[in-house]
Amino acid sequence: MLVSEEFQMPAKKIVRWHVLVFTVFLIVFFTAATTWAALLRHEILGVGYLPRWVVSFFVFLIGLNSLVKRIFPCLSLSGTELAFVFAVLSVIASIPHEIGIHFYLNLVGLVYYSSPQSQWFGLFTNYLPEYLVPSTNFRDPAILWAFEGMPEGGKLPLKDWLLPLSVWTPYIFGIYMALMFLCLIFTRRWEEHERLLYPLTQVPMELFGSLREEPKHSIFRFFLFWLGLIVASIPYSLRGLHLYFPFIPDPQPQRNSGILFPSGPLTAFNNIDLHLYPEMVGIAYLLPNEVGLSLWLFPFIRRAEIALRSAMGIDIYHAEFINFQSVAAYLVMAFSLVWLARRYLKEIVTTAMNWLVRLPNQQNKSRLMLTEAKALVGLILTLFSLLIWARLAAGVSLSWATMLLFFLLFTGLVVARVVAEAGVYIFAPPFRGYQVIFDVFGKDRIGARNILLLSAMGWIQLRSTGTMVTGYLSNSLHLLSASGIEKGKGAFWLSVGILLTILTCHIVFPTVIYTYGVPKLSWWAQNSALNTANFVGQYITTSKPLNLHHWCGLIIGALTCWVLIKLRLNFIGSPLHPIGFVTWYGWPLDRYWLSVLLGWALKALILRYGGFSAFQRFKPFGYGMTVGGTMTLTVWILLRLLFPTSQSIIID
């Protein structure tokens, strides 16, 4: 029996104060470091629902902790405290990338690209409240120096950011808290009622298990773990060595099929990504068969659908047709998650009402759900506060702001479910909530001011195309609960970590931007503000009415997702999982499908010829692949930060 199967500690474990101080130091240090790496080199160390630097640092910390335990036992971290540190660092890992690359650059970019040299001259500043941006004058140092560099002897114009960041911070933190409360509400049901696997938490649980008193249970004592780690390190290591020593062959872990069919409907199968991510191969091995099958099969079904449309003579609107199917699938999936949990949610509502009016709970189950009841009240109050902010601070119409927050909740819920059940290493919706609103209702109904400010409000999590925080939150809450930390207390400390990360970003990001200037930043950071200005400008000036392709996409997507859910509920042996359809469109699964296929095929072969016992014995190999791929990639990224090369190890 492996460690994760025994890793259930009693409740109410204690995290000592020196561990809290240590965690605070790590939050500030790694936020600053990942900020610099993302802005200067576009090396995303915090990406992934098993963040690269967190896993790598954690393996080092476990080794260091073993040494400290022998020398200074009172300072060593317990398994619960290690889980606490891992959970907090995992939640904050992506925040510098998600809000940093977009939020700060876009705030100054809307003003800079309203200058006479831009095609959007004067378009944005007319609708921007002065207190939401450092300046509304593109000639002011707070704007001009960011894009054209500081003059010699110039002083960082950080004071110009005090007012806008003071106004924006409650909104930013409120968005994260709304998603925190959402995950708190559903986590218990997914853990206790549906018994979801949470595949990505199995890896850290195995690592924590290495501290148990019985050394024979340590994952580091399994030969297959080390074999998986070595196998996973080979492609990234060869790629890194090739960048420094070109005579070493390049394995090209990120390949493309190229042009397979020069013409005809089958051109839909051209340019398939053939990327190898050893860490995702390891994770895919841990997934249920129907989940792994669906994750790699549905992207092919999507291409087959495009080929069928082409064969029917339809050669336009393929992307819009597929995208609106995904929008409908998200809506149906979110509704089904709420509907299937209706009795559970009713119990939470009852508990919340009893708590608010201070009536004693009569049922043990109700007392156990007090944390979820408080989360429900917190979610309602937070959403109400966000709407007040949208109306009073941003001046956005309440109806559009409500719709924007609705998109936040239902996409966040679906992403949390995908990560908890399918363990996708990187995943996010293929659409942006505010973009769907603009497409459906058009600029004439919404208005230019609402379009501009809804876009700005959407830079926090709602525009996420890389990672969404609900995946991190659901994993971390589950990990803390399994480690003996009560969910409410765990959520509190995760919230503290998020707030501290946001405040650190407020200092570090403007400092780096003005110190180097946008032209010297990474290729992504250089284009971020310009791309945003073009996006907003086009929606303000151009009408894009929905056509038959969009409406057909919505209807087909809703029906397909509903049928898959019904089959899943009514036929236990159904080979297709609705999560495969929900995730079928977007760059994450396009990149990861080959790795998922390899992990699924490896598991299928082992089950076919060795049975379930062989699958259990080979689990350490999957853990080793995940840890080895993540750690090796992190090491090479750090080396490249110190000794730059002309190309990246991989393209994120």
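The structure under discussion appears in the preceding block.
Computed from a predicted model, the values in this text were never measured in an experiment.

**Re helix H21 (residues 523-541)**
Here H21 contains 19 residues, and its C-alpha end-to-end distance of 27 Å stays within 8% of the 27 Å for a straight helix at 1.5 Å per residue. Of all the bends in H21, the greatest, near 30°, is centred on Ala529. For H21, the complete set of buried residues consists of Ala525, Ser528, Ala529, Thr532, Ala533, Phe535, Val536, Gly537, Tyr539 and Ile540. Lining the buried residues of H21 we find helix H2 (17-41), helix H5 (95-112), helix H6 (141-148), helix H17 (433-446) and helix H18 (448-457).

**A closer look at unusual backbone geometry**
The backbone of His42 sits at a positive phi, close to 55°, despite the residue not being glycine. The residue His42 is located in the loop between H2 and helix H3 (52-71) in this model. With a phi angle near 55°, Asn271 is a residue other than glycine that sits in the positive phi range. Note on placement: Asn271 falls in the loop between strand E1 (254-256) and strand E2 (273-275). Judged by its relative accessible area of 40%, Asn271 falls in the partly exposed class.

**Here's the deal with the nonpolar core**
One recurring pattern in soluble globular proteins: nonpolar side chains tend to sit buried together. With 225 residues, the main nonpolar core has Leu39, Phe103, Tyr176 and Ile498 as its most contacted residues. The biggest single contributor to this core is helix H7 (residues 162-193), with 18 residues.

**Describing the packing of aromatic side chains**
Following the criterion strictly, the structure yields 46 aromatic pairs and no others. Considering the side-chain rings of Tyr104 and Phe509, the 5.1 Å spacing of their centres and the 10° angle between planes classify their relative orientation as stacked. With a gap of 405 residues between them, Tyr104 in helix H5 and Phe509 in helix H20 (residues 487-516) connect regions that are remote in the sequence. Taking the relative accessible area as the measure of exposure, Phe509 reaches 0% and is therefore buried. Look at Phe220 and Phe225: their rings are 5.5 Å apart centre to centre, the planes differ by 90°, and that puts the pair in the edge-to-face class. Take Phe225: its relative accessible area is 1%, and that puts it in the buried class.

**Some points on helix H8 (residues 199-208)**
Counted residue by residue, H8 has 10 buried out of 10 residues, so it is predominantly covered. Every buried residue of H8 is listed here: Pro199, Leu200, Thr201, Gln202, Val203, Pro204, Met205, Glu206, Leu207 and Phe208.

**A word on a nonpolar patch on the surface**
The grouping of Phe60, Leu64, Leu67, Ile71, Phe72 and Leu75 at the surface amounts to a nonpolar patch, some 610 Å² of accessible area in total. Within the fold, Leu67 resides in helix H3. By relative accessible area, Leu67 is classed as partly exposed at 47%.

**Overview of the pattern of salt bridges**
For the structure shown, the criterion picks out 12 salt bridges. Among the salt bridges present, the one from Arg188 reaches Glu372, with a minimum N-O distance of 2.9 Å. Residue Arg188 is located in helix H7, and its partner Glu372 is located in helix H15 (residues 370-394); the two are separated by 184 residues in the primary sequence. For Arg188, a relative accessible area of 15% corresponds to the buried category. Here Glu191 makes a salt bridge to Lys487, at a shortest N to O gap of 2.8 Å. Separated by 296 residues along the polypeptide, Glu191 in helix H7 and Lys487 in helix H20 bring together distant segments of the chain. Each member of the pair, Glu191 together with Lys487, is buried.

**Topic: the side chain of Glu372**
By relative accessible area, Glu372 is classed as buried at 0%. Among residues more than four places away in sequence, those in contact with Glu372 are Leu184, Ile185, Arg188, Tyr344, Ile348 and Lys487.

Rules behind the numbers
Residues numbered from 1 in each chain as written. Predicted model: local features only at pLDDT ≥ 70, side-chain atom pairs only at ≥ 80, totals over all residues. Heavy atoms only, no water. Helix = DSSP H or I, 4+ residues; strand = E, 2+ residues; numbered from the N terminus. Expected span 1.5 Å × (residues − 1). Bend = angle between axes of the 7 residues up to and from the residue. Buried < 20%, exposed > 50% of the residue type's maximum accessible area, 1.4 Å probe, protein only. Contact = heavy atoms within 4.5 Å. Core = buried A, V, L, I, M, F, W, Y, C linked by side-chain atoms within 4.5 Å. Phe/Tyr/Trp six-rings, centres within 6.5 Å; stacked < 30°, edge-to-face > 60°. Patch = residues over 30% accessible without salt bridge, like charges linked within 9 Å, V, L, I, M, F, W, Y side chains within 5 Å. Areas by Shrake-Rupley, 256 points an atom, 1.4 Å probe, with all protein chains shown as cover. Salt bridge = Lys/Arg side-chain N within 4 Å of Asp/Glu carboxyl O.

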